[in-house]
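Summary of structural features
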Amino acid sequence: MSAQLSVRDLSITLQNGVRILRNVSLEVGAGRVHGLVGESGAGKSMIGKAILGTLPHAMNVTGGQICFGDVDLMAMAPKARRTWIGANAALIPQDPLTALNPSKRIGPQITRRLVDILGWAKTNAKARALDLLAEVQITDPARVMRSYPHELSGGMRQRILIASAFAAEPKLIIADEPTTALDVTVQKQILKLIAQMQAEHGTALLFVTHDLGVVSKVCDTMSVLYAGKVLENAQMRRFFTHPIHPYSRALLAATPTYSNPTGSLAQVPQKVIDGVEQDIRHHDIRNHI
Amino acid sequence: MRDARADIRRPLGARLWLSGGWLTLLVLGALLAPLLAPHDPLAQDLFAGRLPPFWQDGAQRGYPLGTDSLGRDVLSRMLYGARLALVVALVAGTLTCLIGATLGLIAGYYRGWADIIISRIVDIWMAFPPVLFAILLIAVLGTGLTSIIIAIVVIDWTRFARVVRAEAMTQSAMDYVASAQVSGRGHFSTMLTEILPNVLPTILALLTLEMGIAVIVEAILSFVNLSISTDSPTWGGMIAEGRTSVHQAWWVLVFPLIALFLTVLSFSQLGEGLKDRFDPVLR
Amino acid sequence: MNLLRVIFLRLATTFLTLFGVAVIVFFVIRVVPGNPIAMMLPPGATEADVARLQAQYGFDKSIPEQFFIWLGGVLQGDFGTSISTRQPVSELVLGRLPATLELSVVALLMACLIGGTLALTGTRMRGTRTEGAIDVSTGVALSVPDFLWGLVLILLFGVLWPVFHISGRISPSLDIDFTTNFYMFEALLRLRFDVLADLVGHMFMPALALAIPLAAIIGQLLKQSLKETMHLDYVALARTKGYSERHVITREALPNAILPTLTLVGVQFTFLIGGTVIIERLFSYEGLGNMAIDAVINRDLPLIQGIVLLFALLFTVVNLVVDMLYVVLNPRLRHA
């Protein structure tokens, strides 16, 4: 299995010296879905931002490698890297309510980058956008193309953002908690839609979430992140049957399943957390792919 | 929002020190004018007209900053001019503040008819060009220190009324005000004990700003020959005279201009600095 | 229906404001000491001459009576006759209005240009010394009013490095036969670039003096607003699309950041127009403001009334236009 994206020993540090990520390594296979699981604050969104080159000003990559297919992103000049990312990767953001520009109609928000960055003809870009909107099950795509974001519901907007992410047929899409901001009923539909689109387009997908349940539904492989450190990289099935790290085991136990609906009440035991902290101090990382 | 405010806060120390320093110097200069001034600010000496400042050729001892076309000492006139400027700043600033802030507080807290009337008047006032209004008022009231102070109060009370009204409205909508009212406190006492302290930092900043503006208005009125009286030493009067002879004697314009510039800048920076320091949220 | 109601209310308050201005000016200037008629007559005029002129200008009637006669005239477009020049006030005032409008609009454009550049540069240079320098200079520019900037400019570009004209609107030698009083506009249309250059040379300093404080306000506010917008998700998303930082700031963030600045610029533009009064005086620029000060000094009551009312009208029109622009530029309001 060739890797579409491989991150090796990535470290991110705040200007004041606080380390956000410590030697993170993970791989996303071509056309595969990789889940990145962790609690909020674990730094999982920062991995996505580091790959896309949109880290906040106060943060710097202080070590490691990000390879996109054969291309070493860290070795590229910032400008070239930006256009390269624009052509080859895309982001499905967390909050559909704030991720569309309120002063622009939907149509141009999907088509402009195809024309500006990829040099498509305007008519082609428009036709492509209409097709994609139909594909993400939006009724009356022509009307939606003319709408402003505030005229559409949150679920609709997330569908549009998904369509927009697939528009240029990128090789990798990073979905940053794409369902967290949505209603529970809409969450399921969107999740299904993302999985469907990914399968049809054969795009590699890095799925960032705090929800193990979501990961179990859509991912092939996954990483568990805690306090800026990858504790475990695993095949999906293997992880759910034979989790290796004590934190992973505790995490699984805390996830509600149909057989154990009260699992949500369980907590990661303090002893496990202490153990993880100990591990991190000793730079002990376990890779199991 | 938060981090942006923090950014502005960084140079606060230097800002307060510099502006406070200049204003202290100015107050001392004004108070000690009779001791410091080398000459009578009104004394003319036609044989010593348009003398340059001390570092230039042709300068005379005893006239460190030169003389104007009538041979009056620029430094002495500036020192005495500072007295007038500061009196106008303090008196006009304070009166404007008292009247404007009171009306704004009433409009913002009581709302209803008081607010409608006050806001309407403010709207009408905002439709006047302020400088023209001031000149018109001086034409009506006649020149003189009192007239200038009255004119400044009349044209500028709206600045306080507008800002304080908006602040008082925001504060009134807060829960702590409701709880004060529920606890049986009267409206007037709630206004004074709950609203006023929270609006005070803003009022303070506006007050120092207004002092700077008062100095400018006085200078503008002197410039169009409508200030205190033609022979009183005022910065505005000196600037007006310097403007006409700027090609022959630039120093008559430059020195009072620098003083005016620094004074106005210091008043407004002092206000901003004080506001940050006394703002209970930022402190 | 609701929109109509809003528009009606808005117009009603506008008229109320203008009426208020008219009343105040009218009554304030009737208190002006000194008999304006006496100044018009040659020495040795008889009592009868004075009485005849007073009757001609309506000064023999009671003040409220005078007010309603004047108001009736105004509603028919007749603002009375100037005492000092004996010309119709409307003619005098409309003759000077173009000069003031040109000055104000040029100043506004300069302010937007300078302020916008400062805000965009500051945003691109986040966290650098350039940003710090921009913050400090806008802080200073903002605290010092146009009058002082005018004097500073006179020293810089009139005395120290005399490249611009220090007074007037146009050099007499170049005063071609203009058909309108919009000299700059007309010179541009007639392609008289020599005249245009002369006009710019005269207008540069007064316009810049008016523009500096407003440029600082625009710079500060727009930069702040951009800073907040740059943190939003759609801006981050645009970055991943491969656009340059410049494109992200100007195309994605700016259109949304500009709205709060716009309302403020409207109010500030009325302040700028108010500032022309003293700036025109300072640069001997023949506009409304300069005429207004002369009118006050000459006790020319009808002229003062006309000018103040015109200023008030100008202010309210600017505010109306800004409110409409706000609705047009904001898609959320446009479709509401």
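Structure first, text after, so check above.
Fair warning: this is a prediction, and the values are worked out from it, not measured in the lab. (Residues numbered from 1 in each chain as written. Chains lettered and ligands numbered in written order. Predicted model: local features only at pLDDT ≥ 70, side-chain atom pairs only at ≥ 80, totals over all residues. Heavy atoms only, no water.)

**Things to note about the pairing of strand β2 (residues 19–29) of chain A**
Residue and element names in this part refer to chain A. To keep it simple, the criterion reads: Any two strands are treated as partners once DSSP identifies two or more bridges connecting them. Secondary structure elements follow DSSP: runs of H or I no shorter than four residues count as helices, runs of E no shorter than two count as strands, and numbering proceeds from the N terminus.
Pairing geometry for strand β1 (residues 3–14) and β2, over 7 bridges, is antiparallel. Directly across from valine 7, in β2, lies its bridge partner leucine 26. Once β1 ends, the chain turns through 4 residues before running back antiparallel as β2, passing glycine 17 with a positive phi of about 95°.

**Observations concerning the arrangement of the chains**
The criterion, for reference: Throughout, a contact is declared for two residues whenever any of their heavy atoms are within 4.5 Å.
Once contacts are tallied for each of the 2 pairs of chains in contact, the highest total is for chains B and C. With no contact formed, the shortest span from any C-alpha in chain A to any C-alpha in chain B equals 12 Å.

**Let's talk about the pattern of salt bridges**
Quick reminder of the rule: By definition, a salt bridge exists where a carboxyl oxygen of Asp or Glu is found within 4 Å of a side-chain nitrogen of Lys or Arg. Burial classes: relative accessible area under 20% of the type maximum marks a residue as buried, over 50% as exposed, and values in between as partly exposed (1.4 Å probe, protein chains only).
Applying the stated criterion across every chain yields a total of 25 salt bridges over all chains. One salt bridge connects A:Lys104 with C:Glu252, and the closest N-O pair in it is separated by 3.1 Å. Placement of the pair is A:Lys104 in the loop between β6 (89–92) and α3 (106–116) and C:Glu252 in helix α11 (residues 245–282), with the two residues belonging to separate chains. Note on C:Glu252: relative accessible area 10%, which makes it buried. For C:Asp323, the salt bridge is made with C:Arg10, and the minimal N-O distance between the two is 2.0 Å. Note that C:Asp323 is positioned in helix α13 (residues 301–329) and C:Arg10 in helix α1 (residues 2–30), a separation of 313 residues in sequence.

**Notes on the interface of chain C and chain B**
Which entries qualify depends on this criterion: Think of a polar contact as two N or O atoms within 3.5 Å of one another; within protein, one of them needs to be a possible hydrogen donor and the other a possible acceptor, and neighboring residues in sequence only count if both atoms come from side chains.
Taken together, the contacts link 50 residues of chain C with 38 residues of chain B. Taken together, chain C and chain B are joined by 0 salt bridges. At the boundary of chain C with chain B, the tally comes to 3 residue pairs in polar contact (both at pLDDT 80 or more). Listing elements by their share of the side of chain C that touches chain B, those giving two or more residues are α1, α6 (129–143), α7 (146–160), α9 (193–230), α11, α12 (288–297) and α13 of chain C.

**Observations regarding the interface of chain A and chain C**
Put simply, an interface is often sized by how much accessible area is lost when its parts join up. Heads up, the rule is: Buried area is calculated as the accessible area (1.4 Å probe) missing from two parts once they are joined, with the contributions of both summed. Residues are grouped as follows: Ala, Val, Leu, Ile, Met, Phe, Trp, Tyr, Cys and Pro are nonpolar; Asp, Glu, Lys and Arg are charged; every other residue, Gly included, is polar.
Counting residues at the interface gives 28 residues for chain A, matched by 22 residues for chain C. Carbon and sulfur atoms make up 53% of the surface buried where chain A meets chain C, a total of about 2,200 Å² over both sides. Three residues, A:Arg82, A:Pro102 and A:His150, lead the burial of chain A against chain C; their summed loss comes to 25% of the area buried on that side. Here chain A is connected to chain C by 2 salt bridges. If you look at where chain A meets chain C, you find 12 residue pairs in polar contact (both at pLDDT 80 or more). Of all the elements in the fold, those that place two or more residues in the side of chain A that touches chain C are α2 (78–88), β6, α3 and α6 (154–166) of chain A. Considered class by class, the residues forming the side of chain A that touches chain C number 11 nonpolar, 10 polar and 7 charged.

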